[in-house]
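Take a look at the letters that make up each chain.
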Amino acid sequence: MEEILTNGGCVVDFHTCGLFPERWFDLVLVLRADTNVLYDRLKKRGYSDRKVNENMECEIMQVVLEEARESYAEDVVKEIKSNSIEELESNVESIAGWAKRWALAKSSSSSSS
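Keep in mind that this is a model prediction, so the values were computed, not measured.

Conventions we followed
- Residues numbered from 1 in each chain as written.
- Predicted model: local features only at pLDDT ≥ 70, side-chain atom pairs only at ≥ 80, totals over all residues.
- Heavy atoms only, no water.
- Helix = DSSP H or I, 4+ residues; strand = E, 2+ residues; numbered from the N terminus.
- Expected span 1.5 Å × (residues − 1).
- Buried < 20%, exposed > 50% of the residue type's maximum accessible area, 1.4 Å probe, protein only.
- Arc of directions from axis to C-beta.
- Contact = heavy atoms within 4.5 Å.
- Salt bridge = Lys/Arg side-chain N within 4 Å of Asp/Glu carboxyl O.

Asker: Could you give an account of helix H3 (residues 49-60), with specific residues and numbers?
Answerer: Over its 12 residues, H3 runs 16 Å from end to end, which matches the ideal 16 Å to within 8%, given 1.5 Å per residue. Turning to H3, its buried residues number three or more, namely Val-52, Met-56 and Glu-59. Summarising the axial view, the buried residues of H3 lie within an arc of 65°, below the 170-degree limit, and thus occupy one face. Every exposed residue of H3 that faces more than 90 degrees away from the buried side is listed here: Arg-50 and Glu-57. Check the buried side of H3 and you find it contacts strand E1 (28-32) and helix H2 (35-44). Immediately downstream of H3, the backbone of Gln-62 shows phi near 55°, a positive value.

Asker: How would you sum up the pattern of salt bridges? Please name residues and give values.
Answerer: Enumeration over the complete set of coordinates arrives at 8 salt bridges. Note that Asp-34 and Lys-81 form a salt bridge whose closest N and O atoms lie 3.3 Å from each other. Here Lys-81 lies in strand E2 (residues 77-81) and Asp-34 lies in the loop between E1 and H2, a separation of 47 residues in the sequence. According to the relative accessible area criterion, Asp-34 is partly exposed, its value standing at 36%. Here Lys-81 falls in the partly exposed class, since its relative accessible area comes to 38%. Lys-43 is the partner of Asp-49 in a salt bridge, and the nearest nitrogen-oxygen pair spans 2.6 Å.

Asker: Now, about the environment of Ile-80: what can you tell me, with residues and values included?
Answerer: Structurally, Ile-80 can be placed in strand E2. Remark: the alpha-carbon pair of Ile-80 and Ala-68, spanning 12 residues in sequence, is separated by 13 Å. Contact partners of Ile-80, with chain neighbours within four places excluded, come to Leu-29, Val-30, Leu-31, Arg-32, Asn-91 and Ile-95.

Asker: Talk me through unusual backbone geometry; I want residue IDs and the actual numbers.
Answerer: You will see that Gln-62, though not glycine, has its phi angle at about 55°, which is positive. Topologically, Gln-62 is positioned in the loop between H3 and helix H4 (63-71).

Next up, the structure:
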């Protein structure tokens with residue numbers, strides 16, 4: 001995976017942060033949902049009761065968020081809410097803006113080298 005990530009500009013969707021070295025990422029987004037919203041989502045997906053309970057426990061205990069905070073620098077990890085379509089749309093806009101700023105900074109730094 002390192003060969004793919006060397007030039008940057010990639011998105012990695014994964015639930016376990018500790019597997020990847022910090023140097024691979026400029027931004028780590030942890031999507032969070034209120035437990036009532038998450039429960040309904042998982043049930044609609046047809047998850048087993050066991051899988052729903054595991055996911056709910058992980059969300060309540062902030063497992064992914066805490067692992068991200070332990071694995072990466074504080075300024076790299078961002079927690080974002082994903083409870084509604086409106087939040088989803090806002091998140092997409094924010095991430096697209098971040099990606100544009102990252103690309104501009106990357107092109108500025110490579111042209112000045």
